[in-house]
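# Structural overview for review
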Amino acid sequence: ILAGLLLDAKERERELQRFETLYRESQDALEISRSKSLEVQMKYAEASARGKREILDELEHARERFEQEKRELRARVDE
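Computed from a prediction, not measured in an experiment: that's the story for all the values here. (Residues numbered from 1 in each chain as written. Predicted model: local features only at pLDDT ≥ 70, side-chain atom pairs only at ≥ 80, totals over all residues. Heavy atoms only, no water.)

So, about the overall build of the chain. Within the chain one finds one helix and zero strands. Relative to a compact globule of 79 residues, whose C-alpha radius of gyration would be 12 Å, the chain shows 34 Å and is clearly more extended. For the chain, the accessible surface area stands at approximately 7700 Å², while carbon and sulfur atoms represent 58% of it. Charged side chains of the chain number 17 positive and 20 negative; the gap between the two group centres comes to 2 Å. (Helix = DSSP H or I, 4+ residues; strand = E, 2+ residues; numbered from the N terminus. Rg over C-alpha atoms; globule rule 2.2 N^0.38 Å. Areas by Shrake-Rupley, 256 points an atom, 1.4 Å probe, with all protein chains shown as cover. Lys, Arg positive; Asp, Glu negative; His and termini not counted. Charge placed at Lys NZ, Arg CZ, Asp CG, Glu CD.)

Quick look at the structure:
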């Protein structure tokens with residue numbers, strides 16, 4: 001009976017170790033997944049910011065062109 005109980009206890013200990021290993025592996029996978037998700041979010045935010053910066057730059061160039069054309073038209077009118 002004792003030998004059977006000892007074998008049963010050893011088997012349960014092995015199962016517990018296996019579950020602990022699986023738990024650690026799943027926690028590691030979860031951390032990797034979270035980190036990848038954060039990387040994707042950061043890349044999206046950077047791309048969005050870059051796109052907005054490009055739009056603002058283009059608007060600034062358009063404003064500069066408009067101001068230049070306005071100055072040229074005033075100069076023509078003054079002549």
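Next comes the rest of the account.
Per the counting criterion, the structure on display carries seven salt bridges. Here glutamate 31 ties to arginine 34 by a salt bridge, and the two come within 3.1 Å at their closest N and O atoms. On the criterion of helical spacing, the pair formed by glutamate 31 and arginine 34 is a turn pair, its members being three residues apart in helix α1 (residues 2-78). Residue class for glutamate 31 comes out partly exposed when judged on its relative accessible area of 46%. Here glutamate 58 makes a salt bridge to arginine 65, at a shortest N to O gap of 3.4 Å. A relative accessible area of 43% places arginine 65 in the partly exposed class. (Salt bridge = Lys/Arg side-chain N within 4 Å of Asp/Glu carboxyl O. Buried < 20%, exposed > 50% of the residue type's maximum accessible area, 1.4 Å probe, protein only.)

As a further point, take a nonpolar patch on the surface. A cluster of nonpolar residues, Ile1, Leu2 and Leu5, forms a patch on the protein surface that exposes about 420 Å² of accessible area. Checked against the element boundaries, leucine 5 lands in helix α1. (Patch = residues over 30% accessible without salt bridge, like charges linked within 9 Å, V, L, I, M, F, W, Y side chains within 5 Å.)

Another aspect to go through is the packing of aromatic side chains. Aromatic ring pairs: the centre-centre distance and the angle between the two ring planes describe each pair. What the rule picks out here adds up to zero aromatic pairs. We note arginine 18 situated over the ring of phenylalanine 19; from NZ or CZ to the ring centre the distance is 4.9 Å. (Phe/Tyr/Trp six-rings, centres within 6.5 Å; stacked < 30°, edge-to-face > 60°. Lys NZ or Arg CZ within 6 Å of the ring centre and 35° of its normal.)

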